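Fold and contact review
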Amino acid sequence: MVRVSTRLPHTPPPATGPGAPGDAPAPAGLRIAGQALAAVVAGYVAMGVTAALGLWAAGAADLPGGFAAVLAAVVVMAAGGQVEIVGSAGSLAGAQGELTAMPLTVTLVGALVTGAVFLRPLRHHAVARTGDLAERAAAVTVLWLAGLAGLSAVARHDFPLDLGVGDSQEPLADLFGELIDAADPSVGFRTLVGPTLGYGLLWILGVLLVALLVSRRSPLPARLLRHQEAVRPAASAMLLLLLAYVALGLVVGLVVAATKGHAAETFAVLLLGLPNVSWLALGVGIGGSWEGTVDGPFGLPMPQVLDAVLRQGGDGTGLSTVDLPSLAAQDARAWWLLPIAAVLVLGAAFVAAVRSPAHVRPWQHALHCGVAFALTMLAVAPLTLVEARFGLSVLGIGDLAGLGGEVVLRPQVWRTAGFALLAGLVTGFLAGMLATGVRHRGQVPPGGG
């Protein structure tokens, strides 16, 4: 006998809420715009918080009504923008200056946060469509430049200039008041909007490109998948190397703050310019060099041995060379930069070798690491550039009472990149040999490759 059931199949209650099948999915363009906005906002917030903490440690909170403008200027410079110094001391006197520098701690934090949030929506995809990546990158770029333009409008302020030169001398302000109508001199800063947006465009495009290159899990377009085995292990290892130097510099800075005094100034350097020092140490440790000078009452707030070398004016041009021998002549502990660089660069090359497929031979790995390290220093060394000049003149003639100053620290990029290429080739080959007995992705070929 066949029993026929009269029970109807169970029907679940209708779904409700934003994920319900009946709800229309959000348009792709709107979703991409929202994710791009999240990346931009997260990046600027991270940069703003880092810069604010650094400026507070440096004592900028006491500036007369200009903290917000200075904060905006620091974020602008961290994103590649340019700021000019302007001043007025009456109809016949003026202040001139220029400032080119990147607070690389703020830059690094912003790049890491922006890149991570940009990549987050892609993490569950196996392959990315070229059009989708282009749309996402374009949305982030447009929003980033809009934010940079807004900050540029805020990054402008004038401060009254105190021209007193000492208890035993008549203040320059009184002297100007007698000679010319200049009783209230001031100095300020402005953002150069055109160059700022141009360099800001290069900055954000570079951040997005590097984020895709160093990420081991984010998808790439199908046509680029065959290149990721040669690029991504070495690229991610180079980022790891840069971060390792920053971490090491942070440890040294904390020790200095705890043992040498001047903790606030040290924390200001850590929060604003830690990579400026750390990556210079990396370049010098592999044989690279910088050149520059310090003239006048101003100087580099980091470290004293570097300031001492720059004040020597070693050659006929008045520029000093900053390299391992010149630093060691001031402080013999600078020789430690050489073995530290050897160990950390070899470690980064070993990480890249282990992450590479087993079929990559040592000579191929050496080539990958050499090219990657050279490109890394070509990108990083120019970011450490510092050029700051300021002068107060009457009738356009000369600086007054030592108020003028100049600080220059300029990388010798091609020399540094050349040594990076050599170091990458050597450590890459050694790391490739060492990694033959370590588990790789894939099968180890017969004979160890």
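Right, let's talk about the side chain of Thr376 for a bit. Mapped onto the elements of the fold, Thr376 is located in helix 12 (residues 362-380). Excluding residues that lie within four positions of it along the chain, Thr376 makes contacts with Met238 and Leu242.

Caution is warranted with low-pLDDT regions, since their predicted coordinates should not be read in detail. Mean pLDDT over the protein chain stands at 81; residues scoring 70 or higher make up 76%. Low pLDDT (under 50) marks residues 395-401, which in the prediction has 12 contacts with non-local residues, meaning those over four places away or in another chain. This model gives residues 442-449 a pLDDT under 50, and the stretch forms seven contacts once residues within four places in sequence are excluded.

Here Gln364 is to be found in helix 12. Take Gln364: its relative accessible area is 24%, and that puts it in the partly exposed class. Note: C-alpha distance between Gln364 and Ala230 (134 residues apart in sequence) is 8.9 Å. Among the polar contacts listed, one links the side chain of Gln364 to the backbone nitrogen of Arg361, at a separation of 2.8 Å.

Let's shift gears to the side chain of Ser356. Its location among the elements puts Ser356 in the loop between helix 11 (337-355) and helix 12. Overall, Ser356 belongs to the buried group, its relative accessible area being 4%. In this structure the side chain of Ser356 is engaged in a polar contact, spanning 2.6 Å, whose partner is the backbone oxygen of Ala352.

Taken together, the side chains of Trp363, Leu367, Val371, Leu375, Phe419, Leu421, Leu422, Leu425, Val426, Phe429, Leu430 and Met433 make up a nonpolar region of the molecular surface, amounting to roughly 1100 Å² of accessible area. Where the nonpolar patch is concerned, the elements lending two or more residues are helix 12 and helix 13 (413-434). It is helix 13 that provides the largest number of residues to the nonpolar patch, a total of eight residues. With respect to the helices and strands, the residue Leu375 is situated in helix 12.

Calculation criteria
Residues numbered from 1 in each chain as written. Predicted model: local features only at pLDDT ≥ 70, side-chain atom pairs only at ≥ 80, totals over all residues. Heavy atoms only, no water. Helix = DSSP H or I, 4+ residues; strand = E, 2+ residues; numbered from the N terminus. Contact = heavy atoms within 4.5 Å. pLDDT = per-residue confidence, 0-100. Buried < 20%, exposed > 50% of the residue type's maximum accessible area, 1.4 Å probe, protein only. Polar contact = N/O pair within 3.5 Å; in protein donor to acceptor, adjacent residues only side chain to side chain. Patch = residues over 30% accessible without salt bridge, like charges linked within 9 Å, V, L, I, M, F, W, Y side chains within 5 Å. Areas by Shrake-Rupley, 256 points an atom, 1.4 Å probe, with all protein chains shown as cover. Salt bridge = Lys/Arg side-chain N within 4 Å of Asp/Glu carboxyl O.

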